[in-house]
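# A look at the structure
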Amino acid sequence: LVPNEATIISILKICGDIGAIHEGKRLHIDIVNNALLEKNTQLGNALVDMYAKCGFLAKARQVLEDLPNRNTVSWNTLIAGYAEHEHYDQALSCLEQMQLERVSPNEITFTSILKSVANIGFTAKGQEIHSELMKKGYLESDLIVGNTLVDMYARCGSLHIAQEVLQRIQSREVVTWNALLSGYAQLGECENVFKTFEKMKEEGEKPNLITFQNVLNVCSHAGLVDKAQLYVKSMSKEY
């Protein structure tokens, strides 16, 4: 039986997941020999994804550039690969190239880019993306984008803006609050950590292990032993 394109896409995904680059390269040769990339963008995207996940980012970029029809998924795959392997500047350059080709970024694109921005502290680029997210209405419709934006501002030290973004998100969750708490904790802003924790509880959000980790870290650095003991008791009795 001859494997079809759906078979090959599934196998490429497996190669990427387990890092089986040699098998992936053999499949790539078969794909080229049978001219399959000329008529199936989804197959091309799977090939980009396989190389990116295996850490062969230059090859992933080459495959993408050779695709007859690149789409948003093609670019998202490469951008996510760059972000995953900490090539943050390359991820940002992909966004620029993508927009030059008039391929529209979506919420998945912006999530990967915001993570890259947070890791290099490029606040100005984050603000630019924030404006675009507002225009497209993603803050109201996509919680993951909202959480990532809060995290970006918090990690860049712009905590007042992170707080503003959090307030604009309609359906906040524990991840949203933890992003803000983590930012305050990193700067040692004890009172803001405690206030945010109480506000979170007032809104009915249940803290998790990461929440308490941030709170206890602040107590530790500030030498607040008694307060830390209260939180430990709360962890045991209430949660």
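The coordinates are above.
These lines cover the structure that appears in this document, whether it is placed above or below. Note that the coordinates shown come from a computational prediction; the quantities given were computed from them, not determined experimentally.

All right, on to the overall build of the chain then. From N to C terminus, the chain includes 15 helices and zero strands. When the backbone C-alpha atoms are referred to their principal axes, the chain occupies close to 70 × 35 × 25 Å. For the chain, contacts bridging at least 24 residues in sequence account for 57% of all contacts bridging at least 6. Summed over all atoms, the accessible surface of the chain reaches about 12,700 Å², with 49% contributed by carbon and sulfur. For the chain, the distance from the average site of its 23 positive side-chain charges to the average site of its 29 negative ones is 2 Å.

Across all of its chains, the model carries five aromatic pairs by this definition. Taking the centre distance of 5.7 Å and the plane angle of 55° together, the rings of Phe212 and Tyr239 count as tilted. Residue Phe212 is found in helix 14 (residues 209-222), and its partner Tyr239 is found in the segment after helix 15 (225-237); the two are separated by 27 residues along the sequence. Taken together, the aromatic side chains of Phe194, Phe197, Phe212, Tyr231 and Tyr239 make up a single cluster linked through ring pairs.

Next up on the list: the layout of surface pockets. Looking at the largest pocket, its volume works out to about 150 Å³. In this structure, the largest pocket is lined by His28, Ile31, Val32, Ala35, Leu36, Leu37, Glu38, Lys59, Gln62, Val63, Asp66 and Pro68. Going through the elements one at a time, helix 2 (21-33) and helix 4 (57-66) are the ones with two or more residues in the lining of the largest pocket. Tallied by class, residues from the lining of the largest pocket come to seven nonpolar, two polar and three charged.

In an α-helix, one full turn covers 3.6 residues, which means residues spaced three or four apart are oriented alike. Of all the positions in helix 11 (residues 159-168), only Leu159, Ile161, Ala162, Val165 and Leu166 are classed as buried. The arc enclosing the buried residues of helix 11, seen along the axis, measures out at 155°, which places them on a common side. Where helix 11 is buried, its residues touch helix 8 (123-136), helix 10 (143-155) and helix 12 (174-186).

Here we come to helix 15. When the terminal C-alpha atoms of helix 15 are compared, their 18 Å separation across 13 residues agrees well with the 18 Å that a helix rising 1.5 Å per residue should span. Turning to helix 15, its buried residues are Ala228, Tyr231 and Ser234. Taken around the axis of helix 15, the buried residues stretch over an arc of 115°, which confines them to a single face. Set apart from the buried face of helix 15 by more than 90 degrees, the exposed residues are Val225, Asp226, Leu230, Lys233, Ser236 and Lys237. If you follow the buried residues of helix 15, they end up packed against helix 13 (190-202) and helix 14.

Checked against the element boundaries, Asn214 lands in helix 14. Apart from the residues within four sequence positions on either side, Asn214 is in contact with Asn178, Leu181, Ser182 and Ala185.

A few words now on the state of the cysteines. The tally for this structure, following the rule as stated, stands at zero disulfides. Between Cys15, a cysteine without a disulfide, and Cys54, which holds the nearest cysteine sulfur, the sulfur-to-sulfur distance is 7.1 Å. For the unlinked cysteine Cys156, the closest cysteine sulfur is that of Cys94, found at 20 Å.

Helices that pack against each other are described as a pair by the angle of their axes relative to one another and the distance between those axes. Two numbers describe how helix 5 (residues 72-84) lies on helix 6 (residues 88-100): the axes approach to 7 Å, and their chain directions differ by 165°. As far as their axial angle goes, helix 6 and helix 5 are roughly antiparallel. The interaxial crossing formed by helix 5 with helix 6 has left-handed handedness. Contacts between helix 5 and helix 6 involve Thr72, Trp75, Asn76, Leu78, Ile79, Tyr82 and Ala83 on the former and, on the latter, Tyr88, Gln90, Ala91, Cys94, Leu95, Gln97 and Met98.

Let us look at the packing of helix 4 against helix 5. It is at 10 Å that the axes of helix 4 and helix 5 come closest, and there the two elements cross at 170°. By the angle between their directions, the pair helix 4 and helix 5 is classed as roughly antiparallel. Within the contact between the two elements, helix 4 uses Leu57, Ala60, Arg61 and Leu64 and helix 5 uses Ser74, Trp75, Leu78, Gly81 and Tyr82. Class assignment of the residues belonging to the contact of helix 4 with helix 5 gives a composition of six nonpolar, two polar and one charged.

Definitions and cut-offs
Residues numbered from 1 in each chain as written. Predicted model: local features only at pLDDT ≥ 70, side-chain atom pairs only at ≥ 80, totals over all residues. Heavy atoms only, no water. Helix = DSSP H or I, 4+ residues; strand = E, 2+ residues; numbered from the N terminus. Contact = heavy atoms within 4.5 Å. Areas by Shrake-Rupley, 256 points an atom, 1.4 Å probe, with all protein chains shown as cover. Lys, Arg positive; Asp, Glu negative; His and termini not counted. Charge placed at Lys NZ, Arg CZ, Asp CG, Glu CD. Phe/Tyr/Trp six-rings, centres within 6.5 Å; stacked < 30°, edge-to-face > 60°. 1 Å grid on protein atoms, 1.4 Å probe; cavity = no way out; pocket = protein on both sides within 12 Å on 5 of 7 lines; lining within 4 Å. Points joined across faces, edges and corners; volume = space filled by probe spheres on them. Nonpolar A, V, L, I, M, F, W, Y, C, P; charged D, E, K, R; others polar. Buried < 20%, exposed > 50% of the residue type's maximum accessible area, 1.4 Å probe, protein only. Arc of directions from axis to C-beta. Expected span 1.5 Å × (residues − 1). Disulfide = S-S within 2.5 Å. Axes fitted to C-alpha atoms, helices over the stretch in contact; angles between N-to-C directions. Parallel < 35°, antiparallel > 145°, perpendicular 65-115°, else oblique. Left-handed = near helix turned anticlockwise from the far one by under 90°.

Spatial relationships are all this shows, so hold off on functional conclusions.
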